[in-house]
Amino acid sequence: MNSPQPQEKGASGKHRLNTVLGICMAICLTAMAVLVFGNVILRYLFNSGITWSEEMSRYFFVFMIFFGSASAAIMGKHISVDLLVRRLAPGNRRIVLVIANLLSIVVLAMLAIGSWELAEINRNSHGPVTGFPLWLLFAGCLGMAVCMAVVACRDLLRALTGASSEQGGNP
Amino acid sequence: MTELLIFVAALLVPIAFGISIAIALIIASVALMLHLDMFSTQVIAENLVSGANNFSLMAIPFFILAGELMNAGGITRRIIDLGLALVGHKRGGMGYVSIIAAILFASLSGSAVADTVALGAVLIPLMIKAGYDRNRATGLIASGGIIAGVIPPSIPLILFGVTSGVSISKLFLAGIVPGMLMGLALILTWWIVSHRDEQTPLPKQNTSEVLRALRSSVWALLLPVIIVGGLRFGIFTPTEAGVVAAFYALLVSVVIYRELTFAQLFEVFKSSARLTSVIMLLVAASSISAWMMTMADIPMMVSDMLSGFADSPLLLLLLINAIVLIIGMTMDLAPVILILTPVLMPVITEAGIDPVYFGIIFIINLGIGLLTPPVGTVLAAATSVGQTTMGGVVRGMSPFLIAQLLLLFLLLLFPQIVLVPLHWMS
Amino acid sequence: APAATAATTIKIANFFPDAHPVNVALREVFKPAVEEQSKGELRVRIYANGALGGDERLYNSVRGGTLEIAIIGTIMEKEVDYVGIAQQPFLFTNYDHARNVLRGPIGDSLVADFKDKLGLEFLGWGVQGFRVIASSKPIKQFSDFQGLRLRFPGIENMVAIGQALGANVTPLPINEVFGALEQRVVDGVENPYPNLYTAKWYELTKYVLESNHVFSPNLYVANERFWNKLSAEQQAVVRNAVQASTAREWELLISEEAGVKETLQKEGVEITVPSEEFRGQLQQAVQDSYAKLYARTPGAEAIVKQIREAK
Ligand code: NA
Ligand code: NA
């Protein structure tokens, strides 16, 4: 959980980023709800529909997940099990935290690299109905992976410097 | 076999190290890739993105949004008030209130955790004030919370439907009766255990007060009718049902109850989106694992291992449920559904077991897993909302947990309990 | 891992059920041919039934290289010049026409830019079939399309064709079609006969209009980097195996179509063959599709002419 008192400069930057992510998430959720609901309404009241609604709402959904996952990582809300780690002696816990964060950073880097490669491959691809540039989906995934990796780096530094390992998110 | 062991080890060790389950799933997939000598960062990214890019799964954020709107907009509170007015004055009444509220709320919300938190925050303090044991009260709320995953709408049933290809609408309709039975099992158990507790019942409300509570909650009670009716009569798909529920909840909260400000609304959208993302990151990461398990032939391996039981569906089901129960104790629900469904479905179909029936059983079983340590998200949520210890909740919950397990066993022995009412409804 | 990893494994994936001609041919022709003729240097693993995903996902996977060969529709039509021509309405008169054109030099010219633009090696043309319209309400005349909710694939040209017919087009993903038909969210779906049968849509749609409005091919494409790693002999082995396998696929599909129709009729499906007049109305309605095609890709007109003359 986050500590309530704002410390350091990083904390306010983190807060600002989280606010921006929150606005983006809310916009995506609203947009997908309006698109899907609009289609139901059009179907029954006007016997028509928006052909691109299904596809476009899916893209909003994917982006909502990227924003939301990054935000949840910043706030330490991804589901994890700290039962074992909490029972370790402080020294051992530090070792485990270092390993855990390093591992997380490594796979998040793999995810980021994979996203980059796919964005490259798809730089000329478009959604079949909407014409939406598909590389954006992978760019979004890249952004999420980087964001989550930065959080893990922060936690790694905390574990290394021995700063209170109580707070901060799960890796 | 080696592949299966590598996957399980590479999943459980990182989880034990406190790594979030979504990332542990990617680590386990990478371990399989290395073992199969087909390491590729693109497999990770490709499956993660396409695992999330799914129209049917959009029902999840919509139902979560509907649930959060109902909590913030006063619908949840009115349902609890109705329960209080109806049975609050009976001996052990607060317990019945909790169970009835859990069933009603289950028909509005798709998530067991959300249910537990929303009801627990209001009902646990009330129950403690009325003289009930804190752990027993918290345990009851938690075991009532898992009904939300069985009675439609249900996030777990959506996940199962998407992975297995079984009709989500059918699963929703099939969940109604077993979900009610879970409530009934709790009522019976509560009737037995509450005799021993000291409590002071609430004063009895007169008829006009009961009517007022009913009138005030009628808007909430209409929603399950809309959802089930809409699905049954082909007015919308499950995803559209979710968005209809959300708009309905918005309308009732803003126009009829007038309890939502714009700032609150923004908060609700934000928290719904974040909650969805946490679930969906698990879903997306699981789809990497599922892909790699297909590459490693693990579904076929498991099929071969279980094929000896294909002649006896009951034995097969008992075995599968024992395995699922054990896995459910140590894993979160979403990844288990996404990873086990493709592994188990071929065996289930081969043995001639009805896939809709299996889905319901599977989800009830995993719902029970949400209540058990070491990894139980409902247990954890209840512990925090009841402000007690995990051990305490487990103790207080044990009779209810046993009742749910007995019900599961009963449904395994008599599939008709699920299938006959489903046949009537569809 | 097993000791014999010296062999290269070719993962070939599609989204058709196990019993579909594509997969029968893969199992009986492609796999044995590749494994025997490469003397065990190449191994084949078939992933049917969408085990590795649907159209979009297979396309992404084969371009990224996580999949060696994919069998997909014309999902890439917007990224290349001419492949979309294959799915123009009322272009091919019958299966022989389609087979001769696609498996000959004209077919090659449709996919000539796959390597440069997509990084894909084109291996061969398979067949899904002529598309017909299955619905829960009868379509006896052109005006019956009005207000009918029909599922079309989310491909621009296909959506436009549906709209030109006057239907209320709902582009659902293919795996949601059964549920949507069951819940009557859509009244019908258009697809080739074998798909109506194998996906069990016929259980919910008791009327079929044999419109044959669009012919759908299957495209066998390989990842370019994988392809370049093969020796010239291995490439020849794979290419020949695809030729043999797709030849079998065409044979099976054409010969089975009559059987599938018979089975559908036994299941109570009423099949309508449009009259000359009705067919004329259908063709008239979708003419716009060609104008749009020529406006977008000027070279297309000549190819269409060649195809029409080739029959
Ligand atoms: Na529910
Ligand atoms: Na558990």
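It should be emphasised that the depicted structure is a prediction, and the values quoted were computed from it without experimental measurement.

Draft legend 1. Fine view of the overall build of chain A. Across its full length, chain A carries 5 helices and 0 strands. Reading the helices (α) and strands (β) of chain A from amino to carboxyl end gives α-α-α-α-α. Taking contacts inside chain A between residues at least 6 apart in sequence as the whole, the part at least 24 apart equals 71%. Summed over its atoms, the accessible surface of chain A is roughly 7,900 Å², and 69% of this surface lies on carbon and sulfur atoms.

Draft legend 2. Inspection of the overall build of chain C at higher detail. When helices and strands are counted, chain C shows 13 helices and 10 strands. Here the C-alpha atoms of chain C give a radius of gyration of 20 Å, agreeing with the 19 Å that 2.2 N^0.38 yields for 311 residues. Along the first, second and third principal axes, the C-alpha set of chain C runs to 65 × 45 × 30 Å. Buried residues in chain C amount to 57% of all 311 residues.

Draft legend 3. Geometry of the packing of aromatic side chains. All chains considered together, the criterion is met by 22 aromatic pairs over all chains. On the basis of an interplanar angle of 10° and a centroid distance of 3.9 Å, the ring pair of Phe37(A) and Phe247(B) is categorised as stacked. Of this pair, Phe37(A) sits in helix 1 (residues 8–46) while Phe247(B) sits in helix 12 (residues 238–256), which puts the two residues in different chains. Through a chain of ring-to-ring contacts, three or more aromatic side chains come together here, namely Tyr59(A), Phe63(A), Phe66(A), Phe67(A) and Phe132(A). Sitting over the face of the ring of Tyr257(B), Arg78(B) holds its NZ or CZ atom 3.5 Å from the ring centroid. One cation-aromatic arrangement involves Arg308(C) over Tyr290(C); the distance from NZ or CZ to the ring centre is 4.8 Å.

Draft legend 4. Expanded view of the nonpolar core. The biggest cluster of nonpolar side chains holds 247 residues, and the ones touching the most others in it are Phe358(B), Phe362(B) and Phe114(C). The element that contributes the greatest number of residues to this core is helix 13 (residues 262–295) of chain B, accounting for 16 residues. No fewer than three residues from each of domain 1 (1–39) and domain 2 (56–425) of chain B sit in this core. Sequence-distant contacts of Phe114(C), that is, excluding residues within four places in its chain, are made with Met76(C), Val80(C), Val83(C), Gly119(C), Leu120(C), Phe122(C), Leu219(C) and Val221(C). Leu26(C), Ile69(C), Trp227(C) and Val238(C) belong to the second-largest nonpolar core, a separate cluster that totals 21 residues.

Draft legend 5. Structural view of the coordination of the sodium ion (ligand 1). Residue and element names in this part refer to chain B. The sodium ion (ligand 1) binds to the protein through Ala106 (O), Ser109 (O), Ala148 (O), Ile151 (O) and Pro153 (O), with metal-donor distances spanning 2.2 to 2.4 Å. The sequence motif formed by the donor residues of the sodium ion (ligand 1) is A-x2-S-x38-A-x2-I-x1-P. In this pair, the class of Ala148 matches that of Pro153, namely buried.

Draft legend 6. Seen up close, the packing of helix 6 (residues 93–106) of chain B against helix 10 (residues 168–193) of chain B. Residues and elements named next belong to chain B. Across the interface, helix 6 lies against helix 10 with an axial gap of 10 Å and an inter-helix angle of 175°. One element, helix 6, and the other, helix 10, form an angle in the roughly antiparallel class. Residues Gly95, Tyr96, Ile99 and Ile103 of helix 6 form the contact with helix 10, whose participating residues are Met180, Gly183, Leu186, Ile187, Trp190 and Trp191. Taken together, the residues of the contact of helix 6 with helix 10 sort by class into 8 nonpolar, 2 polar and no charged.

Draft legend 7. Layout of the interface of chain C and chain B. Across the boundary between the two partners, chain C contributes 19 residues, which contact 28 residues of chain B. Buried area between chain C and chain B, both sides added, is near 1,900 Å², and the carbon and sulfur share of it is 47%. Joining chain C to chain B, the criterion identifies 1 salt bridge. Asp297(B) is paired through a salt bridge with Arg45(C); the nearest N and O atoms lie 2.7 Å apart. Across the chain C-chain B interface, the total number found is 6 residue pairs in polar contact (both at pLDDT 80 or more). Those elements that provide at least two residues to the side of chain C that touches chain B are strand 2 (42–47) and helix 2 (55–64) of chain C. Tallying contributions element by element places helix 2 of chain C first for the side of chain C that touches chain B, with 5 residues. Considered class by class, the residues forming the side of chain C that touches chain B number 6 nonpolar, 6 polar and 7 charged.

Draft legend 8. A look at the confidence of the model for chain A. Residue and element names in this part refer to chain A. On average, residues of chain A score 85 in pLDDT, and 87% of them reach the 70 mark or higher. Here helix 3 (residues 83–87) is the element of chain A with the lowest mean pLDDT, 83, and helix 5 (residues 135–161) is the one with the highest, 95. Within the model, the stretch residues 1–8 combines pLDDT values under 50 with 8 contacts to residues more than four positions away or in other chains. Confidence over residues 165–171 falls short of pLDDT 50; this stretch has 27 contacts with residues more than four positions distant or in other chains.

Draft legend 9. Region of the structure containing the interface of chain A and chain B. Contacts between chain A and chain B engage 58 residues on the former and 51 residues on the latter. Both sides of the chain A and chain B interface together cover about 4,800 Å² of buried area, and 80% of this is carbon and sulfur. When the buried area of chain A at its contact with chain B is split by residue, Phe61(A), Ile79(A) and Val81(A) rank highest and sum to 14% of it. Applying the counting criterion to the chain A and chain B interface returns 0 salt bridges. Seen at the junction of chain A and chain B, the total is 6 residue pairs in polar contact (both at pLDDT 80 or more). Every element with two or more residues in the side of chain A that touches chain B is listed here: helix 1, helix 2 (53–74), helix 3, helix 4 (90–121) and helix 5 of chain A. Ranked by residues supplied to the side of chain A that touches chain B, first place goes to helix 4 of chain A with 15 residues. Of the residues in the side of chain A that touches chain B, the class split is 41 nonpolar, 12 polar and 5 charged.

Conventions used here
Residues numbered from 1 in each chain as written. Chains lettered and ligands numbered in written order. Predicted model: local features only at pLDDT ≥ 70, side-chain atom pairs only at ≥ 80, totals over all residues. Heavy atoms only, no water. Helix = DSSP H or I, 4+ residues; strand = E, 2+ residues; numbered from the N terminus. Contact = heavy atoms within 4.5 Å. Areas by Shrake-Rupley, 256 points an atom, 1.4 Å probe, with all protein chains shown as cover. Rg over C-alpha atoms; globule rule 2.2 N^0.38 Å. Buried < 20%, exposed > 50% of the residue type's maximum accessible area, 1.4 Å probe, protein only. Phe/Tyr/Trp six-rings, centres within 6.5 Å; stacked < 30°, edge-to-face > 60°. Lys NZ or Arg CZ within 6 Å of the ring centre and 35° of its normal. Core = buried A, V, L, I, M, F, W, Y, C linked by side-chain atoms within 4.5 Å. Domains from an automatic or database assignment. Donors = N, O, S within 2.8 Å, 3.2 Å for Na, K, Ca; no water. Axes fitted to C-alpha atoms, helices over the stretch in contact; angles between N-to-C directions. Parallel < 35°, antiparallel > 145°, perpendicular 65-115°, else oblique. Nonpolar A, V, L, I, M, F, W, Y, C, P; charged D, E, K, R; others polar. Buried area = accessible area lost by both parts, 1.4 Å probe. Salt bridge = Lys/Arg side-chain N within 4 Å of Asp/Glu carboxyl O. Polar contact = N/O pair within 3.5 Å; in protein donor to acceptor, adjacent residues only side chain to side chain. pLDDT = per-residue confidence, 0-100.

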